[in-house]
Amino acid sequence: MHSTIDRLAFTYLTHLRYSGRPRLSVRDVAALRSLSDPGPRSASRPPVFQQTTRPAAEPPPRQTTAPAVIPSQDSWQRLEEDLKDCQACALARQGRKTIVMGEGNRQADIMLIGEGPGFDEDRLGRPFVGKSGQKLDQIMLAVGFQREELYIANVVKCRPPGNRNPEPGEISICQQFLQRQIRLVNPRFILALGKFAANFLYGESGAPRTLGSMREKILHYGDIQVVVTYHPSALLRNDSLRRPVWDDVRVLRNLYDTARQEPLRFPAELKYPVVQDVE
């Protein structure tokens, strides 16, 4: 014990000497006394090396699930941020290349809703750009709509592997993004392309409804009028569906022209009954 104190005292006196203070002050003497008489160690006295500062807070873990509540003050920027690199369902880990949010006129009067991205959509990050998309462009152009006039989105934003049907859990997790897109675009009309889009709008409360039960009617999603038709990919497989799809989009065009108080492009008798719910 004394040898340790002696070494400390020698070091302290050497420091005083080279600092130009050869004489000991009252403070110096008190310091030396504290070395020789450290006083009794108290049991409650904290250890010398006890950490007294709070460790730095770690950053919060990255959110891996989609927000459960649709924001009341929403925006396209916020939607894009919430959707960016989404990991909320298994599709994020099943080989997707891109998240296909949607594209088009964000103030469009007409919104087109499909099922999900395919191979080309996943590769390019845009909806309906493969063979089905080319067919859709032809159909809409035939009734006078340019692609740039419309807003196009899908029920799920990531490609199901092998272009399989999206599963109910995947649709449930992803549905808020499409709901937010519909709210932000606020279209007058929706063209639902296929059974998954139609059941997204009308099948939540029970078993999936058939496409036949939802076609040839003017339905409503809130205040938005909805026309249900076949998915363009169905036309590529079944040429007999061309006529019913042609009727559906001509009815949509007549609705659009009527709302804008413009002359009808197609016969006035080409119309569907307006219903409030799917029977």
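A few points on the structure. (Residues numbered from 1 in each chain as written. Predicted model: local features only at pLDDT ≥ 70, side-chain atom pairs only at ≥ 80, totals over all residues. Heavy atoms only, no water.)

Overview of the pairing of strand S3 (residues 151-154)
To keep it simple, the criterion reads: Throughout this description, buried means an accessible area under 20% of the type-specific maximum (1.4 Å probe, protein chains only), exposed means over 50%, and partly exposed covers the range between. Comment: elements are numbered from the N terminus, with helices defined as DSSP H or I runs of at least four residues and strands as E runs of at least two. Only strands joined by at least two bridges in the DSSP assignment are considered to pair.
Taking every second residue as pointing to the same face, both faces of S3 are buried, with Tyr-151 and Ala-153 on one and Ile-152 and Asn-154 on the other. Here strand S1 (residues 103-104) pairs with S3 via two bridges, running antiparallel. In the sheet register, Gly-104 faces S3, and the bridge partner there is Tyr-151.

What to know about the side chain of Ser-213
Topologically, Ser-213 is positioned in helix H8 (residues 211-214). For Ser-213, a relative accessible area of 18% gives the class buried.

Section: the environment of Leu-255
To keep things clear, this is the line we draw: Note on definitions: a residue-residue contact is assigned when non-hydrogen atoms from the two residues lie within 4.5 Å.
Mapped onto the elements of the fold, Leu-255 is located in helix H10 (residues 242-259). C-alpha separation for the pair Leu-255 and Arg-188, spaced 67 residues apart in sequence, amounts to 9.7 Å. With sequence-adjacent residues up to four places away left out, Leu-255 is seen in contact with Phe-189, Ile-218, Gln-225 and Val-227.

What about the sheet that holds strand S5 (residues 219-221)?
Selection criterion: Axis geometry follows a simple rule: fit a line to the C-alpha atoms, using only the stretch in contact for helices, then measure angles between N-to-C directions, giving values from 0 to 180 degrees.
Here six strands make up an open sheet; going across it, the order is S1-S3-S2-S4-S6-S5 and the pairing mixed. Across the chains shown, the open sheet's two edge strands, defined by having one partner strand only, are S1 and S5. Pairing of S5 with strand S6 (residues 224-229), which is carried by three bridges, proceeds in the antiparallel orientation. Following the sheet pairing, Leu-219 is matched in S6 by Val-226. Packed on one face of the sheet, helix H6 (residues 168-185) meets strand S2 (110-114), S3, strand S4 (189-193), S5 and S6 and runs near 170° to S2.

Considerations on the pairing of S4
Of all five residues in S4, five are buried; the element is thus mostly enclosed. Side chains Phe-189, Leu-191 and Leu-193 project from S4 onto one buried face, and the interleaved Ile-190 and Ala-192 project onto a second face that is buried too. Pairing geometry for S2 and S4, over four bridges, is parallel. Each residue of the ladder has a partner; that of Ile-113, found in S4, is Ala-192. Judged from the five bridges that link them, S4 and S6 form a sheet pairing that is parallel. Considered in S6, the bridge of Leu-191 is made with Val-227.

With respect to the environment of Asn-163
Heads up, the rule is: Pairing of N or O atoms within 3.5 Å defines a polar contact, subject to two protein rules: one partner must be a possible hydrogen donor and the other a possible acceptor, and residues neighboring in sequence count only if both atoms are side-chain atoms.
Tracing the backbone through its elements, the reader meets Asn-163 in the loop between S3 and H6. Sequence separation of Asn-163 and Gly-116 is 47 residues, and the distance between their C-alpha atoms is 8.5 Å. For Asn-163, the contacting residues outside a window of four places in its chain are Pro-117, Gly-118 and Phe-119. A polar side-chain atom of Asn-163 sits 2.8 Å from a polar atom in the side chain of Arg-159.

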